[in-house]
Amino acid sequence: MSSTIHDRLSSLPILFDTLALNELPFDVQTQIAQIDACLPQTQCGLCNHPDGCLPYAAAIVTNNEPHNKCVPGGQPVTDKIAAILASKEHLIAAASKWTIETRTQRPQEVRAVIREDDCIGCTKCIPACPVDAIVGTGKHMHTIFTDLCTGCELCIAPCPVDCIDLVTIERELSIYEREQEQDDLRQRYYTHLERVTKQLADTSNSRPVVSMVEAKLNNVANQTLDISEQQAKDTIAAAKLRSKIKKLEKQLSVRANPAKQAELNALNIELSQI
Ligand code: SF4
Ligand code: SF4
Ligand code: SF4
């Protein structure tokens with residue numbers, strides 16, 4: 001088991017360079033990897049570690065952070081970490097806004113679903129997803145692979161038209177299935193980080209930095225990005241215009257209205273000029 005743990009902490013994405021895990025004593029590394037192995041890997045940041053589960057695992061061991069902060073993990077994860085630390089302190093798991101399921105003792109699981117008719121194709125949700133569960137392209141409808149979504153909720157806030165809903169799900173996982181899923185999610189997150197790192201290093205890509213993890217990655221890599229402020233403003237303005245246009249089109253499809261038709265024509269011209 002030790003070699004597997006050690007392997008897992010080598011060749012990490014550069015986002016984790018500042019943790020300097022390879023410089024820690026082997027037994028400390030082992031404890032961090034064991035804790036990371038039992039964390040849900042949704043990378044939701046609710047433990048106050050927006051970089052994800054591994055930095056929280058490291059902070060528990062090297063910075064004496066309380067071991068009850070993983071919200072989706074609930075009491076089972078808090079107790080498991082206590083056992084790894086051989087801690088006699090019994091901590092109650094951090095509160096969740098979702099009800100605690102009697103069966104799992106974890107918060108109710110949710111998945112994100114895009115109301116596709118309302119999506120304006122602004123692409124803002126895509127970089128927010130740590131496991132690359134959202135597909136779509138500019139000005140086209142986006143969708144979420146429900147099987148890949150972890151319900152981390154990170155795509156909700158960036159959506160300018162609030163068209164992403166959370167739906168509850170019921171499922172039963174064996175210990176083995178949960179561990180497999182966590183391993184897969186960890187790998188998906190690391191692959192996501194590596195892809196974003198490559199994008200940031202590509203100087204022909206002038207897309208603005210759009211997520212906190214991207215900004216951190218950019219700092220870690222100490223690279224200069226050609227971020228055009230105007231481009232960022234245009235993207236937001238276009239998203240707002242598309243939202244207005246969509247609303248007007250819906251209204252006009254029900255009843256003709258010359259004033260609204262004129263407003264729609266003007267908005268379309270404005271959008272075409274951006
Ligand atoms: S799943 Fe738990 S440990 Fe991972 S980021 Fe979310 S709260 Fe933190
Ligand atoms: S689709 Fe949204 S809720 Fe689901 S994993 Fe991605 S960011 Fe999280
Ligand atoms: S952020 Fe919202 S509107 Fe923009 S592409 Fe995603 S789901 Fe569609």
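Here the structure is a predicted model, which means the values were calculated and not measured.

Moving on to the overall build of the chain. The helix and strand inventory of the chain stands at eight helices and four strands. Ordered by position from N to C terminus, the α and β elements of the chain give α-α-α-α-β-β-β-β-α-α-α-α. If you take every contact in the chain between residues at least 6 apart in sequence, the share linking residues at least 24 apart comes to 60%.

With that out of the way, let us pick up the site of ligand 3. Among the 15 residues in the neighbourhood of ligand 3, the closest are listed as Cys119, Cys122, Cys125, His142 and Cys159. Of the residues assigned to the shell around ligand 3, the class counts are 10 nonpolar, four polar and one charged.

This brings us to the environment of serine 243. Tracing the chain through its elements places serine 243 in helix H7 (residues 229–254). Judged by C-beta crowding, with 17 C-beta atoms within 10 Å, serine 243 ranks as partly exposed. The sequence separation of serine 243 and aspartate 118 amounts to 125 residues, and the corresponding C-alpha distance is 8.3 Å. Those residues in contact with serine 243 that lie beyond four places of it in its chain are Ile120, Pro160 and Val161.

Attention shifts here to helix H8 (residues 258–273). The end-to-end C-alpha distance of H8, which contains 16 residues, comes to 23 Å, matching closely the 22 Å that a straight helix rising 1.5 Å per residue would cover. Summarising burial for H8: zero of the 16 residues are buried, a small minority.

Moving on, we get to the packing of helix H2 (residues 26–38) against helix H4 (residues 74–85). The contact between H2 and H4 brings their axes to 10 Å, and the two run at 165°. By the criterion of interaxial angle, the relationship of H2 to H4 is roughly antiparallel. As for how H2 packs across H4, the hand of that crossing is right-handed. Residues Gln31, Gln34, Ile35 and Cys38 of H2 pack against Val77, Lys80, Ile81 and Ile84 of H4. Broken down by class, the residue content of the contact of H2 with H4 amounts to five nonpolar, two polar and one charged.

Taken residue by residue, the chain gives an average pLDDT of 87. The fraction at 70 or more is 87%. Confidence over residues 223–227 falls short of pLDDT 50; this stretch has 10 contacts with residues more than four positions distant or in other chains.

Turning to the site of ligand 1, a few remarks are in order. For ligand 1, the set of nearby residues contains 16 residues, the closest of which are Cys44, Leu46, Cys47, Cys53 and Cys70. Looking at the shell around ligand 1 residue by residue, the classes come out as 10 nonpolar, six polar and no charged.

Structurally, the position occupied by alanine 58 is in helix H3 (residues 53–62). When residues no more than four places from it in sequence are discounted, the contact partners of alanine 58 are Leu19, Leu21 and Ile32.

This part takes up the nonpolar core. The nonpolar side chains of soluble globular proteins are, as a tendency, buried together. One finds Ile35, Leu39, Tyr56, Ala57, Cys129 and Cys155 to be the most contacted residues of the largest nonpolar core, which totals 43 residues. Looking at this core, the elements that each hand over two or more residues are H2, H3, H4 and helix H5 (175–201). Examining the composition of this core, we find that eight residues originate from one element, H3, more than from any other. Ignoring anything within four residues of it in the chain, the contact list for isoleucine 35 reads Ala57, Ile60, Val61, Ile81 and Ile84.

This part takes up the packing of H2 against H3. Relative to each other, H2 and H3 sit at 135°, their axes nearing to 9 Å. Between H2 and H3, the angle is such that the two are oblique. For the pair H2 and H3, the sense of crossing is right-handed. Contacts between H2 and H3 involve Val28, Gln31, Ile32, Ile35 and Asp36 from the former and Cys53, Leu54, Ala57, Ala58, Ile60, Val61 and Thr62 from the latter. In the contact of H2 with H3, the residues fall into nine nonpolar, two polar and one charged.

Quick look at unusual backbone geometry now. Phi at alanine 20 is positive, roughly 45°, even though this residue is not glycine. If you trace the backbone, alanine 20 turns up in the loop between helix H1 (2–8) and H2. Positive phi outside glycine occurs at alanine 86, with the angle close to 55°. Along the polypeptide, alanine 86 turns up in the loop between H4 and strand E1 (109–114). Assessed through the 7 C-beta atoms surrounding it within 10 Å, alanine 86 is described here as exposed.

What counts as what
- Residues numbered from 1 in each chain as written.
- Chains lettered and ligands numbered in written order.
- Predicted model: local features only at pLDDT ≥ 70, side-chain atom pairs only at ≥ 80, totals over all residues.
- Helix = DSSP H or I, 4+ residues; strand = E, 2+ residues; numbered from the N terminus.
- Contact = placed C-beta atoms within 7 Å.
- Near = placed C-beta within 6 Å.
- Nonpolar A, V, L, I, M, F, W, Y, C, P; charged D, E, K, R; others polar.
- Buried ≥ 20, exposed ≤ 12 C-beta atoms within 10 Å, placed from the backbone.
- Expected span 1.5 Å × (residues − 1).
- Axes fitted to C-alpha atoms, helices over the stretch in contact; angles between N-to-C directions.
- Parallel < 35°, antiparallel > 145°, perpendicular 65-115°, else oblique.
- Left-handed = near helix turned anticlockwise from the far one by under 90°.
- pLDDT = per-residue confidence, 0-100.
- Core = buried A, V, L, I, M, F, W, Y, C linked by C-beta atoms within 7 Å.

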